Amino acid sequence: MESFLRNCKSYVGCLNYFPEIHVVLGNESCDLDSAVTSIVTAFLLCQRKSELECVVLPVLNVVRKDFRLRTEVTFFLQKTNIPLDLLIFKDEIDLEKLAKEKKLYLTLVDHNILSADQQCLEEAVVRVIDHHKLECRDRGVRCDMTVEMVGSCCTLVAEKMFTMCPSVIDQQVAMLLYGLTIEEMLRKDLKVVEGNKFRIAMPSISGFLEDLKAKPKLSIALEEYITKNNYHGLVIMTIHHNTETQKVQRQIAVYSPNPVIKEQLVNTLKGAQEPGLELEPLNLGISYLMSFNQRNIAASRKVVLPLVRSFIQESHVSIHSAEVCFRNSY
């Protein structure tokens, strides 16, 4: 993979010598799913291109100076031994110029419609791999469409690799597609509230709860995580910033295999006033997990943390009685 990225980087300065430039472009949020699928899809397409006059480049749809703000992405790519200096960003390649010259062939991953300022690239779109709702106009036979409502675009790219070119799936590629473990996601940005013999963990995660649901054996992983760390429950908060619309979306979920603790935590959050969290139920079908869209996007973890602390301090349910209720529920 490093050799591939190094070659890609070397091509950027001499694109005039190539009659065709195939670019794999993720969405403008440049979240982990988008960044990984851009890199891995370009790697896959490069293995299948035998023409010497063709070059395939992964392009992250963000300017380089803003990439360091994607802390989850930079952390994971470094962990998987991807040199960040070999990545190509949208301010380092003139896609509009290539499109005007009719040299650009564009594959969109993790989105299926171009932002307003990239509409000039529309005629260059020849392939889409996405897991969001289909929003694009009909591109006709010129465009190969793979759009399925699964939890992650990485899932679709992995399926293509297994079908088209399984020999290129080495340990690094597999790690890119499947390796950000649930435990690491929960530990990366974590606060723990303790007192009254309770321990409640409050992880903050970039993205959506639906992305977490896409992880295999999620219920088992969550139970193992709280058991290993002696937590009595989790209050998981997610945040997604859409750079196209400049809108922020928040979600919150309460997890505990103990129904008493889970119910009382949920009631505490629902009953919050000044500010209220404005929670809307979100059914993800995950055992022991109650999920919500949080309409009050101004309520960050700093707002929710005192609510969890008040639950711990004011709860009339002892750990002993909660454990008895838990056992009696089986």
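Model, not experiment: these values are computed from the prediction.

## Examining the overall build of the protein chain
- Counting its regular elements, the protein chain contains 13 helices and 11 strands.
- Projected onto its principal axes, the C-alpha coordinates of the protein chain cover approximately 75 × 40 × 35 Å.
- Residues counted as buried form 49% of the 330 residues belonging to the protein chain.
- Across the protein chain, contacts joining residues at least 24 apart in sequence account for 65% of those joining residues at least 6 apart.
- Accessible surface, the protein chain as shown: approximately 16,400 Å² in total, 51% of it carbon and sulfur.

## What to know about the nonpolar core
- Counting 83 residues, the largest nonpolar core has V23 and L234 as its most contacted members.
- No other element matches helix 2 (residues 32–47), which puts 9 residues into this core.
- Excluding residues within four positions of it along the chain, V23 makes contact with L57, V59, I93, L95, L104, Y105, L106 and T107.
- I252, V254, L307 and V308 belong to the second largest nonpolar core, which has 22 residues in total.

## Structural notes on the pattern of salt bridges
- On inspection of all chains with the given rule, the structure shows 13 salt bridges.
- Sharing partners across several salt bridges, the network here consists of K9, R64 and E92.

## Looking at the packing of helix 6 (residues 153–164) against helix 7 (residues 171–178)
- It is the contact of helix 6 with helix 7, at a shortest axis distance of 9 Å, that shows an interaxial angle of 150°. Relative to helix 7, the element helix 6 lies roughly antiparallel. Residues C154, V157, A158, M161 and F162 of helix 6 pack against V173, L177 and Y178 of helix 7.

## What to know about the layout of surface pockets
- Space inside the second largest pocket adds up to approximately 520 Å³.
- Elements represented by at least two residues in the lining of the second largest pocket include exactly helix 4 (71–79), helix 8 (182–188), strand 7 (198–206) and strand 8 (233–242).
- For the lining of the second largest pocket, the residue count by class is 6 nonpolar, 8 polar and 5 charged.

## Focus: the packing of aromatic side chains
- This structure, assessed with the given rule, holds 6 aromatic pairs.
- A ring pair is formed by Y11 and F18, whose centres lie 5.3 Å apart and whose planes are at 70°; its orientation type is edge-to-face.
- With relative accessibility at 28%, the residue Y11 sits in the partly exposed group.
- A centroid spacing of 6.5 Å and a plane angle of 80° characterise the contact between Y255 and Y288, whose relative ring orientation is edge-to-face.

Cut-offs used in this document
Residues numbered from 1 in each chain as written. Predicted model: local features only at pLDDT ≥ 70, side-chain atom pairs only at ≥ 80, totals over all residues. Heavy atoms only, no water. Helix = DSSP H or I, 4+ residues; strand = E, 2+ residues; numbered from the N terminus. Buried < 20%, exposed > 50% of the residue type's maximum accessible area, 1.4 Å probe, protein only. Contact = heavy atoms within 4.5 Å. Areas by Shrake-Rupley, 256 points an atom, 1.4 Å probe, with all protein chains shown as cover. Core = buried A, V, L, I, M, F, W, Y, C linked by side-chain atoms within 4.5 Å. Salt bridge = Lys/Arg side-chain N within 4 Å of Asp/Glu carboxyl O. Axes fitted to C-alpha atoms, helices over the stretch in contact; angles between N-to-C directions. Parallel < 35°, antiparallel > 145°, perpendicular 65-115°, else oblique. 1 Å grid on protein atoms, 1.4 Å probe; cavity = no way out; pocket = protein on both sides within 12 Å on 5 of 7 lines; lining within 4 Å. Points joined across faces, edges and corners; volume = space filled by probe spheres on them. Nonpolar A, V, L, I, M, F, W, Y, C, P; charged D, E, K, R; others polar. Phe/Tyr/Trp six-rings, centres within 6.5 Å; stacked < 30°, edge-to-face > 60°.

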